Amino acid sequence: MRRNRPLSAQAISVLRALAAEPSRWRYGYDLATEVHLKSGSLYPILVRLADRGLLEATWEPGPDGRPPRHLYRLTGAGREHVAALPATRAARSAPRRQLRLSEGS
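Everything numeric here is computed off the predicted structure, so don't read it as measured data. (Residues numbered from 1 in each chain as written. Predicted model: local features only at pLDDT ≥ 70, side-chain atom pairs only at ≥ 80, totals over all residues. Heavy atoms only, no water.)

A. Structural view of the overall build of the protein. Scanning the protein from N- to C-terminus turns up six helices and three strands. Seen in sequence order, the protein has helices and strands lined up from the N terminus as α-β-α-α-β-β-α-α-α. Burial statistics for the protein: of 105 residues in total, 25% are counted as buried. By sequence separation, contacts in the protein at least 24 residues apart represent 54% of the contacts at least 6 residues apart. When the accessible surface of the protein is summed, it comes to about 8000 Å², and 53% of that surface belongs to carbon and sulfur atoms. (Helix = DSSP H or I, 4+ residues; strand = E, 2+ residues; numbered from the N terminus. Buried < 20%, exposed > 50% of the residue type's maximum accessible area, 1.4 Å probe, protein only. Contact = heavy atoms within 4.5 Å. Areas by Shrake-Rupley, 256 points an atom, 1.4 Å probe, with all protein chains shown as cover.)

B. Summary view of helix α3 (residues 39-51). End to end, α3 covers 18 Å across 13 residues, agreeing with the expected 18 Å (1.5 Å per residue, within 8%). Those residues of α3 hidden inside the fold are in contact with α1 (9-19), α2 (28-35), β2 (55-60) and β3 (69-74). Trailing α3 by a residue or two, Gly53 shows a phi angle of about 85 degrees, which is positive. (Expected span 1.5 Å × (residues − 1).)

C. Looking closely at the packing of α1 against α3. Following both chains from N to C, one finds α1 and α3 inclined at 75 degrees, their axes separated by 10 Å at the closest point. Judged by the inter-axis angle, α1 sits roughly perpendicular to α3. Touching Gln10, Ala11, Val14 and Leu15 of α1 are Leu42, Ile45, Leu46 and Leu49, all from α3. Taken together, the residues that form the contact of α1 with α3 break down as seven nonpolar, one polar and no charged. (Axes fitted to C-alpha atoms, helices over the stretch in contact; angles between N-to-C directions. Parallel < 35°, antiparallel > 145°, perpendicular 65-115°, else oblique. Nonpolar A, V, L, I, M, F, W, Y, C, P; charged D, E, K, R; others polar.)

D. Looking closely at the nonpolar core. Grouped together as the largest cluster of nonpolar side chains are 19 residues, with contacts concentrated most on Val14, Leu15, Leu42, Leu46, Leu49 and Leu55. Those elements giving two or more residues to this core turn out to be α1, α2, α3 and β3. Ranked by residue count, the leading element in this core is α1, at five residues. (Core = buried A, V, L, I, M, F, W, Y, C linked by side-chain atoms within 4.5 Å.)

In C-alpha cells form, the structure reads like this:
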C-alpha cells in the first residue's frame, strides 16, 4: 500500500533547491550543504522524492578509482509540483512597519 502524505518542510526545501536550475544534475552533498541537512536526513528524502516520481537519479562513474556518485534532478512532474507549492512564508508576508514607542501612545 502506497501512502501519499504531504511533503515535509525539508523535502520541500530540497525540491526548491533543485528547482533553481531544474535541468541541472546535482550531487547529494551539494544539496545537503545548500539546504543544511545531514546526509542521514537528505538521502531518505531523495529516495522518497524519486519514488514519487518527482526526481530522477543517475550514477556518475567516480574519478580515478573512486566510487560512483549519485546525481539528482527534477522530473517534469517535480517541476509541476514545485510550481504548485504556495509561496514561502518570507515571500508571502509583506514587510511590516515597525512602530516606535512614541507612535503607539
